[in-house]
Structures are given as C-alpha cells and as structure tokens.
Amino acid sequence: MNIIEFRDFFRSELEKTNKESDYIFKILLKELCNIDPLKIAIDPNFRIKPENEILLRSSLTNIIRNYPLDYIINKKSFFGYDFYVDENVLIPRPETEELVQWVIDDNNTNDRKKLIDLGAGSGCIGISISKTISLDVTLADISKEALRVCSINKDILDSNVKIIEYDMNTEFTNNEFFDIIISNPPYLDYSKKYEIDENVNFEPHIALFAPEDDPLHFYKQILVFANKNLKKGGQIYLEINPDFIKEFNSLLTEFKLNDVNFRLDFRGKKRLAKLSF
C-alpha cells in the first residue's frame, strides 16, 4: 500500500474529519515509522514497508478504541519539552503548565531553593522547572513504574533532579526541608468515574481519582507534610479540583497559613492555588 492509500484508509476507518484523521496519520508516520509526512505531498506513490504497515494498522486499531495517541507514540510535549509517557503516568495537561509558570515567575532568582514535586508521575512538573530556573528539585512518587518514567525523562532531558520513592500516606522520614512544595495530586471525584472521557480511562486511576470517601485526602496529606518539612516562609503550589473549592477552603482553616491565592486556568476555572506558610 502506498502512502496516499494508507492515508485514505485512515480516513475511512476513523470517525473523524479528514483534517483530524490526517493529523493522526502524520504523527504516526513521523514518530513510529520515521517517515517524513511531506512524502504525502511530494511522493504520493511512496510504498509503506510491511513492518511499518503493521505498526500503523495496530495503532489505528488502538485509536479506534480511544486509546491515547500520546501513549502510542510514548511522547507528550509539555512546557516546550518532549516527555516520555506510558500507561504508568498521567498524560501532562496544558493547565499544569500554568502552575509551572507560576512557580518560575515567583522564584526566578539566584537563590538555590529546594523544591519537592509530590506525586511526580512523569516528572514533567519538576523537570520543567529544573530546566528553566536554578532550583534543587526532588521528584517523589509512590509508584515504582512512575519513578522509572521519571528516570527516563531525567536522562532524555539531561536534568539534575533527584528521584525518590515516597508514599504521601506515610511519614516522610528523610531529614530534609524544602522551600517549595508543588503537586498535582489525584483529585477527580471517584463517583464521576463513568462520566469522564473514554480515553482518560486508560490513564492510571491511582493518579486520577481521590479516595471516594475523602476527595481532599491528598491535599490534607500535603499540608501535613508541609507542617513538618516546609521551611518557614515556604510556599505550596497546587492544582486543585474546581468542584471542591468550598471544601478546600474549609480544609485550609485547619492549618496556620499566612496567605492563600487562587488563579483561574485558561478555561476560566479556579484550578490553581498558592499557599504560604
């Protein structure tokens, strides 16, 4: 099958516009087959090799069942960097880039502050910060598989972050204190599990959903961690669930905070918070 015939095959199989289908096809050509998508225009009779046909057909089958394209190509762009991703970590979202930018804007000084990224997942938050400003960054996660992905991204992006295994439900035993805590913890409402987009269900539920009986559980754990391991005058940057703002504010009254600031994300939702101890 030549490249044009394969493009048309994608168009016929995918319930999408030609533009959307062509975008997916071009991404797969480039990322999986190392074929320049320009060949569609300049060499329409270019023959797809059998091994690449297998890759493309397998990928098409996955796309049809709403499997995330980012997992197929094991890549997601975030804050100008290409991160390795697989089913063991969340796919980075653009609203999280806004949280990263907030930290950078507040801390772009020559001070060598210490930052910990709790529930680091792919490491996209901490690594992006470490590549942009001069901080000592630690990535922490409970999942060994996620920590493996962190290590891959550390190597790919030549980052100097430190990686540790840590369960937020347990006491932090390292004798270490931080100037900044950042986290995008599991915060989706478990009761709405069946309302989320089908492709999101392929992402690790441990990183998506808060405990059904306690949607603010991980924020509470982060604040407990901060009480012991955040330096005086330190800051916490969080991505939060806009549906639980009232409950989140109520939780904050249990802790002695100097200041609380919220920001809207690019969709106009109150999703970002900065807490000062």
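Note that this is a predicted model, so its numbers are computed, not measured.

Focus: the overall build of the protein chain
Here is step 1 of the chain: Counting its secondary structure elements, the protein chain contains 11 helices and nine strands.
Here is step 2 of the chain: Seen through its principal axes, the protein chain has C-alpha atoms that stretch 65 × 40 × 30 Å.
Here is step 3 of the chain: Counting over 277 residues, the protein chain shows a buried share of 49%.
Here is step 4 of the chain: Restricting the contact set of the protein chain to residue pairs at least 6 apart, pairs at least 24 apart contribute 64%.
Here is step 5 of the chain: For the protein chain, the accessible area works out to roughly 13900 Å², and carbon and sulfur atoms hold 47% of it.
Here is step 6 of the chain: The averaged location of the 46 negative side-chain charges in the protein chain is 3 Å from the averaged location of its 36 positive side-chain charges.

With respect to the packing of helix H1 (residues 3-13) against helix H4 (residues 50-64)
Here is step 1 of the chain: Where H1 contacts H4, the two axes come as close as 11 Å, and the packing angle between them is 15°. Of the possible angle classes, the one that applies to H1 and H4 is roughly parallel. The handedness of the crossing between H1 and H4 is right-handed. From H1, Phe 6, Phe 9, Phe 10 and Glu 13 reach across to H4, where they touch Glu 53, Leu 56, Arg 57, Leu 60 and Ile 64.
Here is step 2 of the chain: Residue classes in the contact of H1 with H4 are distributed as six nonpolar, no polar and three charged.

Describing the pattern of salt bridges
Here is step 1 of the chain: Within this structure, the stated rule accounts for 17 salt bridges.
Here is step 2 of the chain: Glu 176 serves as the salt-bridge partner of Lys 114, at 2.9 Å between the closest nitrogen and oxygen. Residue Lys 114 is located in strand E3 (residues 114-118), and its partner Glu 176 is located in the loop between strand E5 (162-165) and strand E6 (178-183); the two are separated by 62 residues in the primary sequence.
Here is step 3 of the chain: The salt bridge involving Glu 171 is made with Lys 228; its shortest N-O contact spans 2.3 Å. Highlighted residues: Glu 171 in the loop between E5 and E6 and Lys 228 in helix H10 (residues 217-229), separated in sequence by 57 residues.
Here is step 4 of the chain: Relative accessible area serves as the criterion here: at 56%, Glu 171 is assigned to the exposed category.
Here is step 5 of the chain: Through salt bridges with shared partners, one network takes in Lys 114, Lys 162 and Glu 176.

A look at the pairing of strand E8 (residues 259-264)
Here is step 1 of the chain: Across six bridges, the pairing between E8 and strand E9 (residues 270-276) is antiparallel. What sits directly across from Leu 264, in E9, is Lys 270.
Here is step 2 of the chain: What sits between E8 and E9 in their antiparallel hairpin is a turn of five residues, with Gly 268 showing a positive phi close to 85°.

Considering H4
Here is step 1 of the chain: Along its 15 residues, H4 runs 21 Å from first to last C-alpha, staying within 8% of the 21 Å computed at 1.5 Å per residue.
Here is step 2 of the chain: For H4, the set of buried residues is Asn 52, Glu 53, Leu 56, Ser 59, Leu 60, Asn 62 and Ile 63.
Here is step 3 of the chain: Buried residues along H4 sit against H1, helix H2 (18-33) and helix H5 (69-73).

Concerning the pairing of E5
Here is step 1 of the chain: Of the pairings in the sheet, the one linking strand E4 (residues 136-141) to E5 comprises four bridges and is parallel in character. Among the inter-strand pairings, Ala 140 is bridged to a residue of E5, identified as Ile 164.
Here is step 2 of the chain: Each parallel crossover has a hand, and for E4 linked through helix H8 (residues 144-156) to E5 it is right-handed.

Observations regarding the sheet that holds E3
Hydrogen bonds between backbone groups are what pair the strands of a sheet, and the pairing can be parallel or antiparallel.
Here is step 1 of the chain: One open sheet accounts for seven strands, arranged E5-E4-E3-E6-E7-E9-E8; its pairing is mixed. Of all the strands in the sheet, the pair left with one neighbour each is E5 and E8. Adjacent strand axes in the sheet meet at a mean angle of 20° when their direction is disregarded.
Here is step 2 of the chain: Pairing between strand E7 (residues 230-239) and E9: five bridges, direction antiparallel. Paired with Ile 236 across the strands is Leu 275, a residue of E9.
Here is step 3 of the chain: Strands E3, E4 and E6 of the sheet are contacted by helix H7 (residues 124-132), whose axis makes an angle of about 170° with E4.
Here is step 4 of the chain: This element, H10, spans E3, E6, E7 and E9 of the sheet and lies at about 160° to E7.

Examining the packing of H10 against helix H11 (residues 245-252)
Here is step 1 of the chain: H11 packs onto H10 with a crossing angle of 25° between their chain directions and a minimal axis gap of 11 Å. Taken together, the axis directions place H10 and H11 in an arrangement best described as roughly parallel. As H10 runs across H11, the sense of the crossing is right-handed. Every residue of H11 that contacts H10 at Tyr 219, Lys 220 and Leu 223 is listed here: Phe 248, Leu 251 and Leu 252.
Here is step 2 of the chain: When grouped by side-chain class, the residues that make up the contact of H10 with H11 number five nonpolar, no polar and one charged.

Points about the environment of Asn 261
Here is step 1 of the chain: Checked against the element boundaries, Asn 261 lands in strand E8.
Here is step 2 of the chain: In sequence terms Asn 261 and Val 103 are 158 residues apart; their C-alpha atoms lie 13 Å from each other.
Here is step 3 of the chain: Engagement of the side chain of Asn 261 in a polar contact is seen with the side chain of Asp 259, the distance being 3.0 Å.

What counts as what
- Residues numbered from 1 in each chain as written.
- Predicted model: local features only at pLDDT ≥ 70, side-chain atom pairs only at ≥ 80, totals over all residues.
- Heavy atoms only, no water.
- Helix = DSSP H or I, 4+ residues; strand = E, 2+ residues; numbered from the N terminus.
- Buried < 20%, exposed > 50% of the residue type's maximum accessible area, 1.4 Å probe, protein only.
- Contact = heavy atoms within 4.5 Å.
- Areas by Shrake-Rupley, 256 points an atom, 1.4 Å probe, with all protein chains shown as cover.
- Lys, Arg positive; Asp, Glu negative; His and termini not counted.
- Charge placed at Lys NZ, Arg CZ, Asp CG, Glu CD.
- Axes fitted to C-alpha atoms, helices over the stretch in contact; angles between N-to-C directions.
- Parallel < 35°, antiparallel > 145°, perpendicular 65-115°, else oblique.
- Left-handed = near helix turned anticlockwise from the far one by under 90°.
- Nonpolar A, V, L, I, M, F, W, Y, C, P; charged D, E, K, R; others polar.
- Salt bridge = Lys/Arg side-chain N within 4 Å of Asp/Glu carboxyl O.
- Pairing = 2+ DSSP bridges.
- Expected span 1.5 Å × (residues − 1).
- Right-handed = clockwise from strand over helix to strand, strands pointing away.
- Polar contact = N/O pair within 3.5 Å; in protein donor to acceptor, adjacent residues only side chain to side chain.

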